[in-house]
Amino acid sequence: MFSSTFLFCDPISGERMRWLAGVIGTAGGQEHSGDTGNVKIFLTGDALFSLVDARTRPAWATLSRLPSVLVIADGDELRLQGLADPVASGIPGLRITGSANRESFWGELVSSLEKDWPGTRSAAFLLCTSPYMSRVPVYMLRFLTCVLGAGLHPELYCYLDGVHALHDGQRPSEFENIGKGVSALSGNTVRACRDPWFAACSRCATARGYYQMNPGTGFCEPASCIQDIAIKPLKEILARFSGFHPIASHMGGWTVPAGDGKEGVPTLTVFITHPPYCSEWTFGGLSLAIAAAMDGISTNVVFIEDGVYALQGNHDVPDNDRIFNVQEMIAVTTDIGSLSYYVHAPSVADRGVSTTGNLSLVREASDGDLSRILFPAKKDPAFTPAMRMLFF
Amino acid sequence: MENTNAKDFSELTCTNLMIKLKILLNKLSPGDTVAFYATREQVDNTCSPFSGQGYQVTWTEVAANRYLVRIGK
């Protein structure tokens, strides 16, 4: 028996829906292990369009009919996007939050995580997108506010463009002020006798000008930053991953076996879903995964969807280009014992590409293999106490 | 005195510096050396451990928290 919860805020393509439905459907039925599981899928933001899109709606209808799967849609966001009526009538079994007698979407998510992670004292959000260009920071504030409301310690890990949340002097004319929101949450947390643990990755902050070298001391100092988010090395942020608490993100989730989940450090599965070089997603996801594995956290990296392009051909970085060769990163880290690399075979087949033969330690994985990785049965040697999943 | 051939790795995380050094050292011929700038924390956490893997690691402080590191095969 296990409990699994997903939070999806980003668009869900037909391709993603296919493999998710395969993996979650298999886990919900536990065809491979005989164990039973409860899977809750929380949808908000752009992910809600997948409930009405003809390319993805049938899969949601199928999943929501499974007795072990509960799909929960953010009613406020559905109404904002004009989706409330078609969604309510189109998918039987779907739960829509926010009506008169129901808990809010974020309150329901927090109630769910308290059941999934019994005894947890905190809950975290990994923020990877910047305020205003993305609505995810608004969701982060709503989530962490509910975390505090439940008497837990809120934790915020700002990574990649998520570090822009710490910029001092934010003054949006139309949108919710994220900087002020974080400061208010921090103050409320202290007043409630809880500890806010709000941090931003020093590498990401340095790259974006928020952490500048003082030539006199040789050390970096925060520049134009709100005081409520501390800039820390990624290693310190990842040290929090050793704790028994949930970490939500814009796309991700967790699986916790019933009863004995508190034993051991939760494992981590990172999905690389973007092409390798024209955004920071692949490098950021790989960096985080490798650093976690080097700190002893058992970590899987799954190249999936457009992420499989990281493994195609042989990458040759020009001498004048300052960018990490992703294939070289993978090649020199396959000797890390706690790190496993996988490539999703259907994603490779769909694109008609072939992956490089130089990376033979990257194992092919089918949907069934992914299901076994994400929801290992107790008798499985890969069984782990709890697993966190993050999409990059 | 700055060594113009040495790259500045002082802003890499310890993990990414380790990856960068493994990539560079894999391509290094016997007798050759990699030279770069690093912070004290990087020297202690990432550079020094390479001495236990058959490499010769030396460093010189050139400014506050700035070290010129050389790793040779």
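What comes next concerns the included structure. (Residues numbered from 1 in each chain as written. Chains lettered and ligands numbered in written order. Predicted model: local features only at pLDDT ≥ 70, side-chain atom pairs only at ≥ 80, totals over all residues. Heavy atoms only, no water.)

Focus: the sheet that holds strand E7 (residues 197-201) of chain A
Residue and element names in this part refer to chain A.
Part 1 of the argument: Pairing is parallel across the open sheet formed by 5 strands, whose spatial order is E10-E7-E6-E5-E11. A strand with exactly one partner marks an edge of an open sheet, and here the two such strands are strand E10 (230-232) and strand E11 (247-249). With direction set aside, neighbouring strand axes in the sheet form an average angle of 25 degrees.
Part 2 of the argument: In this structure, E7 lies alongside E10, joined through 3 bridges in parallel fashion. In the sheet register, Ala-199 faces E10, and the bridge partner there is Ala-230.
Part 3 of the argument: Sheet contacts for helix H6 (residues 136-149): strand E5 (122-127), strand E6 (153-158) and E11; angle to E5, the most-contacted strand, approximately 175 degrees. (Pairing = 2+ DSSP bridges. Helix = DSSP H or I, 4+ residues; strand = E, 2+ residues; numbered from the N terminus. Axes fitted to C-alpha atoms, helices over the stretch in contact; angles between N-to-C directions. Contact = heavy atoms within 4.5 Å.)

A few points about the interface of chain A and chain B
Part 1 of the argument: Taken residue by residue, the interface counts 18 residues in chain A and 15 residues in chain B.
Part 2 of the argument: Both sides of the chain A and chain B interface together cover about 1,500 Å² of buried area, and 66% of this is carbon and sulfur.
Part 3 of the argument: Considering only the side of chain A, the residues that lose the most area to chain B are Phe324(A), Glu328(A) and Val332(A), jointly responsible for 35% of the buried surface there.
Part 4 of the argument: Here chain A and chain B share 2 salt bridges between them.
Part 5 of the argument: We note a salt bridge from Lys27(B) to Glu328(A), for which the minimum N-O separation is 2.9 Å.
Part 6 of the argument: Scanning the region where chain A abuts chain B turns up 5 residue pairs in polar contact (both at pLDDT 80 or more).
Part 7 of the argument: If you list the elements that add at least two residues to the side of chain A that touches chain B, you get helix H8 (202-207), helix H10 (281-294) and helix H11 (326-331) of chain A.
Part 8 of the argument: With 5 residues, the top contributor of residues to the side of chain A that touches chain B is H10(A). (Buried area = accessible area lost by both parts, 1.4 Å probe. Salt bridge = Lys/Arg side-chain N within 4 Å of Asp/Glu carboxyl O. Polar contact = N/O pair within 3.5 Å; in protein donor to acceptor, adjacent residues only side chain to side chain.)

Things to note about the packing of helix H5 (residues 105-116) of chain A against H6(A)
Residues and elements named next belong to chain A.
Part 1 of the argument: For the pair H5 and H6, interaxial distance at closest approach is 9 Å and the crossing angle is 55 degrees. It follows from the interaxial angle that H5 and H6 lie oblique. The handedness of the crossing between H5 and H6 comes out as right-handed. When H5 is examined against H6, the residues Trp-106, Gly-107, Leu-109, Val-110 and Leu-113 are found in contact with a partner set consisting of Tyr-139, Arg-142, Phe-143, Cys-146 and Val-147.
Part 2 of the argument: For the contact of H5 with H6, a count of residues per class yields 8 nonpolar, 1 polar and 1 charged. (Parallel < 35°, antiparallel > 145°, perpendicular 65-115°, else oblique. Left-handed = near helix turned anticlockwise from the far one by under 90°. Nonpolar A, V, L, I, M, F, W, Y, C, P; charged D, E, K, R; others polar.)

Details of the packing of aromatic side chains
Part 1 of the argument: For the coordinates displayed, the defined rule picks out 23 aromatic pairs over all chains.
Part 2 of the argument: Both rings, one in Tyr157(A) and one in Trp197(A), keep their centres 5.8 Å apart while their planes meet at 80 degrees; by these two values the pair is edge-to-face. One end of the pair, Tyr157(A), is in strand E6; the other, Trp197(A), is in strand E7, and 40 residues separate them in sequence. Each member of the pair, Tyr157(A) as well as Trp197(A), is classed as buried.
Part 3 of the argument: Here the guanidinium or amino end of Lys20(B) rests over the ring plane of Phe324(A), the centre of that ring lying 4.4 Å away.
Part 4 of the argument: Residue placement shows Arg66(B) over the ring face of Tyr37(B); its charged tip is 4.3 Å from the ring centre. (Phe/Tyr/Trp six-rings, centres within 6.5 Å; stacked < 30°, edge-to-face > 60°. Buried < 20%, exposed > 50% of the residue type's maximum accessible area, 1.4 Å probe, protein only. Lys NZ or Arg CZ within 6 Å of the ring centre and 35° of its normal.)

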